[in-house]
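Chain and residue survey
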Amino acid sequence: VRYQHIDAIGWEGGDLAFNGHYLQENHILLDYQVGDRAILETPSAEAELIYRHLQIGPGKDAVRCLLIHGDSHRLKPTLFLTNKSDGTIEPVEGGGQWLKIPPSTNTITLTIALGNGAATAAPPSVVPDFDNFAKGGPRRWPTTVQTAVALGENVEGYAADELTVPLANPYGSWMRPTSLDFFSDGRMAVATLSGDVWIVHWTQDTPTSLTWSRYASGLYEPLGLKIVDDLVYVRGRDRITRLHDLNGNEEADHYESFYEDPNEIGASYHAFVYDLQTDDSGYFYFSQSGYKSPLEGAVVRLSPDGKHAEYVGTDLRNPNGMGAGGPNNWVTITDNPSGIAVYNGFSLVREGGRYGFEHPRNTPMLVVLPASVDSSSGGQCWSDPKRWGPLSGSIVHCSYSLSAVFYCLTQDLKPYPNGFAVRLPFDLKAGAMRPRINPIDGQAYIACKKGWDSVARCDGVIYRIRHTGKRSHFIQGAEATTKGIRLSFACDLDPNSIRAHNFTILREPDKPQKGAKLKHIPVGQVQPVNERSIEVTIPNIENEVINKRTTTNPQTGAVTVAINPAISLSLKLIAADGTKIEETIHATINTLPPAE
């Protein structure tokens, strides 16, 4: 945040920019800019005195630092200078004292003593070496923590492995994981709601134990983490912090302020800033709450250098989750609307997108999920295109409220693509928030926590959703046709089970309201396409299913798109190997393909 006058925090003489801070043992070095002067500052204390040690870079402008505000007879600052012309102490109108730093072509180093005896204080016994901070220091949290991995049982070719979080640890850190990502060598970085980042590593392809090492602390409610070029970027409530390990001991020594929000944070509990994603051009994306918050509910796109931010979608309420990737380089956004019955899921981020919190929506949702299966959504990621078994290339979607995970299939049609979601058969112990793909093993990892309303049973856990290599009977392909929906499976089907009475289609009400009943949609013929595919005919599909409720204002040209509630297609089939297949797929059909 930039200010013209910095009375409240003690500086005057130009715009202020906070660049970050360095840590070394129990010492901190602040790095900031006032006008054209680069300033480093570190405090120390001796004999009931506080010392402020300052290194002020050259500059053509004078700057002033507020030492005492108002009349104080107890604090009499003393200034220690190498050269007397480098600074003076002057009175402040109305009471107090300034330290004035004149223009200079050289770097100025000085110390200020503050306290009851500062008027007669001697110089401090130890003067900091400012350059030494840039070299890093010894570990501040040297003790690592070991936890176990509980391998999940195979269910239809997949397993949910539980990567135990060190809920008890030597530092008393409250372990509620909010986000995770991977270094190029497969190590995992995990952020927690209370402000930590931990590094987790293991040696085997299928680990049985994990080693947790505290990497950073003191961050402000981080709800997003992204690793770019093996540097950790953390999306906190106040800024994006880029973490640097200066001496390679797996602990951050430099907390760089990569991007600082221009908006006031405010005191609202709901003023959250969520997630952190990048597209294939290196742009960052995050979202911010517009509910009971001074912030604009929006998707923000940030340039790769962290210098320029812009809204690419607005009118969001509580968008706790995003996704980025896939063959089309899509960016997705969730929202958690209010109401008696709500629709959750996610939408594509589009330039100028308006997502329906306080004003009419102008772009439909890609995946709509009824409140009964997802009442508060988390984030998404694209699964590995080859290494996740029959579900490879699908989107992994998280339900925070119901501690569940879905895989989603898409059909890229114009003007709006279609989405199909199926819940994976795993009951997680905490609210699923942020999924990521490990670049080494190609499996999906999910940070889960308990922080606000959910059915979570523990504070935090991380899951690996792993393809076991065993047989699967899942739906692995879905698309709308001009007549209905075509489904393909990861197995051959028993043709005798392909009968219309084995299928049920329900549609959520157009307007959420208490007591609203689901609409039964008739099923027409169900016919096999080949050994693994079927087509379910839906009579009058254009009126029964597809979203036709798009209007354009003739005066302003504004487009309004109503929410298109998903249809839930439930089926009971038998595979060729005799296995019963009972699934429900939630289909959001925005566009029908052209007639064949």
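Report follows, based on the coordinates. What you see is a predicted model, and the numbers here were worked out from it, not measured in a lab.

Time to look at the overall build of the protein. On a plain count of helices and strands, the protein comes out with one helix and 47 strands. When the backbone C-alpha atoms are referred to their principal axes, the protein occupies close to 95 × 65 × 40 Å. The proportion of buried residues among the 596 residues of the protein is 56%. In the protein, once contacts between residues fewer than 6 apart in sequence are set aside, the share between residues at least 24 apart is 58%. Distance between charge centres in the protein, computed from 54 positive and 66 negative side chains, equals 5 Å.

All right, on to the sheet that holds strand β38 (residues 475–480) then. Strand order in the open sheet made by the four strands is β38-β39-β43-β42, with antiparallel pairing throughout. Two strands bound the open sheet, and with one partner strand each, they are β38 and β42 (526–530). Taking the axes of each pair of neighbouring strands and ignoring which way they run, one obtains an average angle of 25° across the sheet. Across five bridges, the pairing between β38 and strand β39 (residues 484–489) is antiparallel. Among the inter-strand pairings, A480 is bridged to a residue of β39, identified as I485.

With that settled, the discussion passes to the pairing of strand β30 (residues 365–370). Within β30, six of the six residues are buried, which leaves it mostly tucked inside the rest of the structure. Examined bridge by bridge, strand β28 (residues 343–348) and β30 share five bridges and lie antiparallel to one another. Each bridged residue has a counterpart across the sheet, and for G345 the counterpart in β30 is V368.

That bond from K414 to P415 is cis: its omega, 5°, falls within 30 degrees of zero. For P415, the position within the fold is in the loop between β33 (404–411) and β34 (418–423). Positive phi outside glycine occurs at E221, with the angle close to 45°. Within the secondary structure, E221 is located in the loop between β17 (209–216) and β18 (224–228).

Definitions and limits used
Residues numbered from 1 in each chain as written. Predicted model: local features only at pLDDT ≥ 70, side-chain atom pairs only at ≥ 80, totals over all residues. Heavy atoms only, no water. Helix = DSSP H or I, 4+ residues; strand = E, 2+ residues; numbered from the N terminus. Buried < 20%, exposed > 50% of the residue type's maximum accessible area, 1.4 Å probe, protein only. Contact = heavy atoms within 4.5 Å. Lys, Arg positive; Asp, Glu negative; His and termini not counted. Charge placed at Lys NZ, Arg CZ, Asp CG, Glu CD. Pairing = 2+ DSSP bridges. Axes fitted to C-alpha atoms, helices over the stretch in contact; angles between N-to-C directions.

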